[in-house]
Structures are given as structure tokens and as C-alpha cells.
Amino acid sequence: MTERYPELADAVYRRGGVPIRLGGWALGSSHVSGITLWRTIFLHRDARLDERLLLHELRHVHQFREAKTFPLRYLWQSLRRGYSKNPYEVDARRFAAIRSRMNESGVFSGEDRGEEEGG
Ligand SMILES: [Zn+2]
């Protein structure tokens, strides 16, 4: 997967764990596939390693990096607008969609980038 999306190597990955269970509880769902805390992406034990999921969670890594207050802002937006209308979730969904579409069209894929650097 990091061959197609080199930037995924920026994050640390864990399977299962307490954050996944807490996240499921907080969102009122037993099906939380991924939770990101700073640089660490916690994936549910049964979650498929889907590129959309990983890119979505990677966007949350960026959001954590962009502002120290991100966790508070995220919680506030979730309380105000709900999970799916939270602007940080909207942003992460959009990022994952655009980024995976870029690879499908051959733009910005690992191979293409290598060729550009070599040439
Ligand atoms: Zn998300």
C-alpha cells in the first residue's frame, strides 16, 4: 500500500486496542474501523486495509499536526454538527476520495513520481 501511497508511511499503525473500543462507544457504534490519535492510526481488528480508510485516517494525522488544539476543535464540531457533518470528517472524506482518484488516473502514483524524479 505504501508503494501506491508513499505518504502512508508517515503514520504509525496499530490493530485493535483501547482507542478503537472507546471510539465505538463514543460514536454509539460497534463498527468503528479506524481512530487516529496524533501520529498513530488504530485500526479495528477486522477492518479491511482499504485505501480509502487509510487515506481518511492519514488526513486526521495531518489535522493533528496542523493544530495543537485539534482534538478539542474536533470534539466541539462533533458535538455541534454530529459525526458526519463535522468539517474535519468532511475534509478527511474529500481528501481520501481525491487522493485515491489521483492514483486511479495515474497522476501522482509512486511509479510516476519516481520517473519524474529520475527524468
Ligand atoms: Zn474520520
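Residues numbered from 1 in each chain as written. Predicted model: local features only at pLDDT ≥ 70, side-chain atom pairs only at ≥ 80, totals over all residues.

### Brief notes about the overall build of the chain
In step 1: The secondary structure content of the chain amounts to 5 helices and 3 strands.
In step 2: Reading the helices (α) and strands (β) of the chain from amino to carboxyl end gives β-α-β-β-α-α-α-α.
In step 3: For the chain, with 119 residues in total, the buried portion stands at 16%.
In step 4: A separation threshold of at least 6 residues defines the contact pool for the chain, and within that pool the share at least 24 residues apart is 54%. (Helix = DSSP H or I, 4+ residues; strand = E, 2+ residues; numbered from the N terminus. Buried ≥ 20, exposed ≤ 12 C-beta atoms within 10 Å, placed from the backbone. Contact = placed C-beta atoms within 7 Å.)

### Notes on the packing of helix α2 (residues 51-66) against helix α4 (residues 87-104)
In step 1: Remark: α2 packs on α4, axes separated minimally by 8 Å, with the N-to-C direction vectors making an angle of 130°. Looking at the two axes, α2 sits oblique to α4. Crossing handedness for the pair α2 and α4: right-handed. Side by side, α2 and α4 meet where Glu51, Arg52, Leu55, His56, Arg59, His60 and Gln63 of the first sit next to Tyr88, Asp91, Ala92, Arg93, Phe95, Ala96, Arg99 and Ser100 of the second. (Axes fitted to C-alpha atoms, helices over the stretch in contact; angles between N-to-C directions. Parallel < 35°, antiparallel > 145°, perpendicular 65-115°, else oblique. Left-handed = near helix turned anticlockwise from the far one by under 90°.)

### Quick notes on unusual backbone geometry
In step 1: Positive phi, close to 55°, is recorded for Trp38, a residue that is not glycine.
In step 2: Take Trp38: it is sitting in the loop between β2 (34-37) and β3 (40-43).
In step 3: In this structure Trp38 comes out as partly exposed when scored by C-beta crowding, with 13 C-beta atoms within 10 Å.

### Concerning the pairing of β2
Along a regular strand, successive side chains alternate from one face of the sheet to the other.
In step 1: Bridge analysis of β2 against β3 gives 4 bridges, and the strand direction is antiparallel. Residue pairing for β3: Thr36 is matched across the bridge by Ile41.
In step 2: Hairpin connection, β2 to β3: the antiparallel pair is bridged by 2 residues, and Trp38 has positive phi, about 55°. (Pairing = 2+ DSSP bridges.)

### Focus: the nonpolar core
In step 1: Grouped together as the largest cluster of nonpolar side chains are 12 residues: Ile20, Val32, Ile35, Ile41, Phe42, Leu43, Leu54, Leu55, Leu58, Val61, Ala92 and Ala96.
In step 2: Mapped by element, the contributors of at least two residues to this core are β3, α2 and α4.
In step 3: Residue contributions to this core peak at 4 residues, all from α2.
In step 4: Beyond its immediate sequence surroundings of up to four residues, Ile20 is in contact with Val32, Ile35, Phe42 and His44. (Core = buried A, V, L, I, M, F, W, Y, C linked by C-beta atoms within 7 Å.)

### Looking at the pairing of β3
In step 1: Of the strand pairs in this sheet, strand β1 (residues 12-15) and β3 are connected by 4 bridges, and their pairing is parallel. Residue Tyr13 lies in a different strand from β3, and its bridge partner there is Ile41.

### A look at α4
In step 1: Here α4 spans 26 Å end to end across 18 residues, near enough to the 26 Å set by a 1.5 Å rise per residue.
In step 2: Looking at the residues trailing α4, positive phi occurs at Gly106, about 85°. (Expected span 1.5 Å × (residues − 1).)

### Some points on the environment of Gln63
In step 1: Tracing the backbone through its elements, the reader meets Gln63 in helix α2.
In step 2: A sequence separation of 25 residues divides Gln63 from Trp38, and the C-alpha atoms of the two residues are 8.5 Å apart.
In step 3: For Gln63, the residues in contact, after removing those within four places along its chain, are Phe70 and Tyr88.

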